Amino acid sequence: MNETRPPTAASAVDAFGELAREAVRVSDLARETIRRSELRYRRLFEAAQDGILLINAETGQIDDVNPFLMKLLDYSYDEFLGKKLWEVGSFKDIQQTKDMFEILQDSGYVRYDDLPLKTRAGVTIDVEFVSNLYEVAGVKVIQCNIRDISDRKRLEVALLKHHEQLKIALTNTVQVVTMITALSDPYTSGHERRVAQLAVAIGKELRFSDPRLEGLKVAGHLHDVGKVACPTQILTKPGKISPIEYQLIQAHAQAGYDILHTMEWPWPVAEVALQHHERMDGTGYPNGLKGDEILLEARIVAVADVVEAMASHRPYRVGLGLEKALAEILQGRGTKYDAAVVDACLKLFNEQGFQLLPS
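The shown structure was predicted, so the numbers you read here are calculated from the model rather than taken from an experiment.

1. Things to note about the packing of aromatic side chains
Following the criterion strictly, the structure yields two aromatic pairs and no others. Aromatic side chains Phe 349 and Phe 354 sit 5.2 Å apart centroid to centroid with 90° between the ring planes, which places their arrangement in the edge-to-face category. Given a relative accessible area of 11%, Phe 349 falls into the buried group. Residue Phe 354 is classed as buried on the basis of its relative accessible area of 17%.

Put into structure tokens, the structure is as follows:
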């Protein structure tokens, strides 16, 4: 029978020594892990292509700054170290910087998408400023990440300028086309201006966005451009026109589309020219479209077109007057004309005192 022998003093010492050696090994491993982690962090901190500031959250003093920010603003390490954020020369708006610091202490996060800083030489740099508060070894630290967005801002300005130039070119194009149309039919030019005016007013009632309203305005100005393909003597003929002459006039919708679709528009201008004589019940032309098959912009121009045409004088008849024009769209509400568009149009004239531009 085997008996369990009590451990001797020597074996206890050996076991304790082994534990001590293991503890030292683990401790050394932990220190090495921490050292490597700190080294990796330091390399990332110093190699970062964004500016980084480390700030004591209690005192507001800068504890560290990376080389990128020093080079960006042309300040030395010592000129940052120990100073409060608002004491650094680059942060010109002292009150804004103090307010930012208070927000950080309270919420732990702050972001500025466009915060201008100044270099030592006084050059303004647009930066994106993001700051977070966190705790390291019981100490609250604020890390500020500062990204130079000057190139992005310059690009935005250049794009805006380019956009304005395109807008001017587009406006000039519309004016030229309108002038060409007026040469073949002087009535058409004024008609298009007033249709555009009324169409935009209806679009506002229907809560169109500004870009969409701009497209509606252009479409209104150009919806009858296809009439340049119609013989002038037919467009300006007094009295009634024959069925064949009417067919030639009807062809202006397709002709307008053929002209306008060759140009690049940010809106469905060509489609409005094609569809502005379509009707909700399919009785319109040239394609007999129904309901939602017709663009909303075209439905608006259709109503504005009818109101202006009936209210104004034409070579083949005297103006029928606004009252009869509004009665026509009310009678065709929901059948020939879009109900919401008709309601908006009637509201403009009956409740808001809207008036068409003079002839």
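Picking up where we left off.
2. A word on a nonpolar patch on the surface
On the surface, a cluster of nonpolar side chains totalling about 230 Å² of accessible area is made up of Val 176, Ile 180 and Val 228. As for its position among the elements, Ile 180 is in helix H5 (residues 150–184). Residue Ile 180 is classed as partly exposed on the basis of its relative accessible area, which comes to 46%.

3. A few points about the nonpolar core
Counting 30 residues, the largest nonpolar core has Leu 198, Ile 202, Val 303, Val 307, Ile 329 and Cys 345 as its most contacted members. For this core, the secondary-structure elements that each account for two or more residues are helix H6 (186–205), helix H7 (210–222), helix H12 (296–311), helix H13 (322–331) and helix H14 (339–351). The contact partners of Val 307, leaving out residues within four places of it in the chain, are Leu 198, Leu 322, Ala 325, Leu 326, Ile 329, Cys 345 and Phe 349. Among the nonpolar cores identified, the runner-up in size contains 28 residues, and Tyr 75, Val 110, Leu 115 and Ile 146 belong to it.

What counts and what doesn't
- Residues numbered from 1 in each chain as written.
- Predicted model: local features only at pLDDT ≥ 70, side-chain atom pairs only at ≥ 80, totals over all residues.
- Heavy atoms only, no water.
- Phe/Tyr/Trp six-rings, centres within 6.5 Å; stacked < 30°, edge-to-face > 60°.
- Buried < 20%, exposed > 50% of the residue type's maximum accessible area, 1.4 Å probe, protein only.
- Patch = residues over 30% accessible without salt bridge, like charges linked within 9 Å, V, L, I, M, F, W, Y side chains within 5 Å.
- Areas by Shrake-Rupley, 256 points an atom, 1.4 Å probe, with all protein chains shown as cover.
- Salt bridge = Lys/Arg side-chain N within 4 Å of Asp/Glu carboxyl O.
- Helix = DSSP H or I, 4+ residues; strand = E, 2+ residues; numbered from the N terminus.
- Core = buried A, V, L, I, M, F, W, Y, C linked by side-chain atoms within 4.5 Å.
- Contact = heavy atoms within 4.5 Å.

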